[in-house]
Amino acid sequence: MAITAQDVNRLRQETGAGMMDCKKALTEANGDFEAAKDILRKQGQKIASKRADNVTSEGIVLTQVSADGSNGTVVAVACETEPVSKVEDFRNLAQAVLQAAVSSKAASKEDLLATPQADGRPLQDHITDLMGKIGEKIDVVAYETVSAEKVVAYNHSNGKLGVLVGLKNTGGNDVEEVGKDVAMQIAAMKPIALDKDGVDAATIEREIEIGKEQARAEGKPEAMLEKIAQGKLNKFYKENTLLNQEFVKDSSLSIAQLLDKTSKGMTVSEFKRVAIG
C-alpha cells in the first residue's frame, strides 16, 4: 500500500523516531502502525545489543529533594558523546528517569528500570527506543537516595556531578546554606566515607602497608614502622573522610566543627556523590 507523508508524520509523532526510519518501518510493515512500532523497537534492541560494550562517559546527573526536605534522589543517565547529552530527547528521557525514581521509590536500579510508564511499558523499553532513534548506547549508570532530617542537593555546573547530603540534629534551624557548603565540599574533595568508621578494612590495611613502605624507604627503624604508619593513616582519615576534612572555605574548621558551630550537635547522617566521566 502507498505510504503517505501523513502516515509517516503520525508514526513519528507517536514514536519520536526519525522520518526516514518511520517511512522504512511503515513500508516494511505494509502500512500497519503497530507492526511498524515493533520494527522500530527491534531496531533499538539491535543497537542496544551491538553497542552494549561501548563506553558511556557523557550524560547528565539530576537531583530532586522532596517538598518537606526529608528525601533526596539522584540519577545519572549516560550516553556515548557530548552532543547527544545536549539533545532535547535525551534530556527529556533523563527527566523521566528522575521522575520515575521519585514516584516509584524503587529499591534498586533494576526495579527502577522495570517501572511502568504512562503507556504501560517499562522504563527500560523507553531507553531502548531512544537508542534506536539516536544510535548510541544510553544507560542509567547510577540511582541513589538519601533520607534524613534535612536533605540538601547540589548539582555541579557541568551537569555531570550531583551530591545529596543528609543532616541530622538541625535543631529546627535553617541549615540550607551550610548544607549546600557541605555538598559542594563533597563534590570537590571526594571523601570516601563519612568518618574513619566508614572506611573499609581493605583500604585501612592498604594505607598501613603503604605507610610502612614509605617509612622503610626513608630508612626508619623497623620498630618504628607501625607507629609511623598509624600516623600516616590518621592523616589519610583527615584528608579522605568528610567529617574530618578541612572546610575548603575556612581551613581553621573541620566539617564536623563547621556543622556543630552552625547548630550544636548537628552532623551528617549520610551522603551520596554521583558523577559521570
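See the structure shown above.
Residues numbered from 1 in each chain as written. Predicted model: local features only at pLDDT ≥ 70, side-chain atom pairs only at ≥ 80, totals over all residues. Heavy atoms only, no water.

Student: Mind laying out the overall build of the protein, listing which residues take part and the relevant values?
Tutor: Assigned secondary structure in the protein consists of 11 helices and eight strands. Its C-alpha radius of gyration of 25 Å places the protein more than 25% over the 19 Å reference for a compact globule of 277 residues. Taking the contacts inside the protein whose residues are at least 6 apart along the sequence as the reference set, 61% of them involve residues at least 24 apart. Just so you have it, the protein exposes about 14,700 Å², and 49% of that area is on carbon and sulfur atoms. Taken together, the 36 basic and 42 acidic charged side chains of the protein have centroids lying 3 Å from each other. (Helix = DSSP H or I, 4+ residues; strand = E, 2+ residues; numbered from the N terminus. Rg over C-alpha atoms; globule rule 2.2 N^0.38 Å. Contact = heavy atoms within 4.5 Å. Areas by Shrake-Rupley, 256 points an atom, 1.4 Å probe, with all protein chains shown as cover. Lys, Arg positive; Asp, Glu negative; His and termini not counted. Charge placed at Lys NZ, Arg CZ, Asp CG, Glu CD.)

Student: Requested: an account of the sheet that holds strand β4 (residues 150-155), with residues and values cited.
Tutor: Neighbouring strands of a sheet are bound in pairs by backbone hydrogen bonds; such pairs are parallel or else antiparallel. Here we have three strands laid out as an open sheet, ordered β4-β5-β8, and antiparallel in their pairing. Of all strands in the sheet, those bounded by a partner on one side alone are β4 and β8 (267-275). Across the sheet, the axes of successive neighbouring strands diverge by a mean angle of 15 degrees, strand direction being ignored. With eight bridges connecting them, strand β5 (residues 161-168) and β8 associate as antiparallel partners. Pairing of Gly 162 across the sheet is with Val 274, part of β8. (Pairing = 2+ DSSP bridges. Axes fitted to C-alpha atoms, helices over the stretch in contact; angles between N-to-C directions.)

Student: An account of the packing of aromatic side chains is requested, with residue identities and associated values reported.
Tutor: Scanning the model with the defined rule gives one aromatic pair in all. Residue placement shows Arg 10 over the ring face of Phe 33; its charged tip is 3.7 Å from the ring centre. (Phe/Tyr/Trp six-rings, centres within 6.5 Å; stacked < 30°, edge-to-face > 60°. Lys NZ or Arg CZ within 6 Å of the ring centre and 35° of its normal.)

Student: Before we move on, could you go through the packing of helix α1 (residues 5-15) against helix α2 (residues 19-28) and cite the residues and values that matter?
Tutor: In contact at an axis separation of 9 Å, α1 and α2 are set at 110 degrees when each is read in the N-to-C sense. Our classification of the angle between α1 and α2 gives roughly perpendicular. Here α1 runs over α2; the crossing is right-handed. Contacts between α1 and α2 involve Asp 7, Val 8, Leu 11, Arg 12 and Thr 15 on the former and, on the latter, Met 19, Cys 22, Lys 23, Ala 25 and Leu 26. Of the residues that constitute the contact of α1 with α2, the class distribution is six nonpolar, one polar and three charged. (Parallel < 35°, antiparallel > 145°, perpendicular 65-115°, else oblique. Left-handed = near helix turned anticlockwise from the far one by under 90°. Nonpolar A, V, L, I, M, F, W, Y, C, P; charged D, E, K, R; others polar.)

Student: Pulling in residues and values, what's your account of the pattern of salt bridges?
Tutor: Summed over all chains, the structure comprises 19 salt bridges. In this structure, Arg 216 and Glu 213 form a salt bridge, with 2.5 Å as the shortest nitrogen-oxygen distance. With a gap of three residues between them, Arg 216 and Glu 213 both fall in helix α9 (residues 201-217), about one helical turn apart. Classification of Glu 213 by relative accessible area gives partly exposed; the value is 45%. A cluster of three or more residues bridged by salt bridges with shared partners is formed by Asp 119, Arg 121, Asp 125 and Asp 129. (Salt bridge = Lys/Arg side-chain N within 4 Å of Asp/Glu carboxyl O. Buried < 20%, exposed > 50% of the residue type's maximum accessible area, 1.4 Å probe, protein only.)

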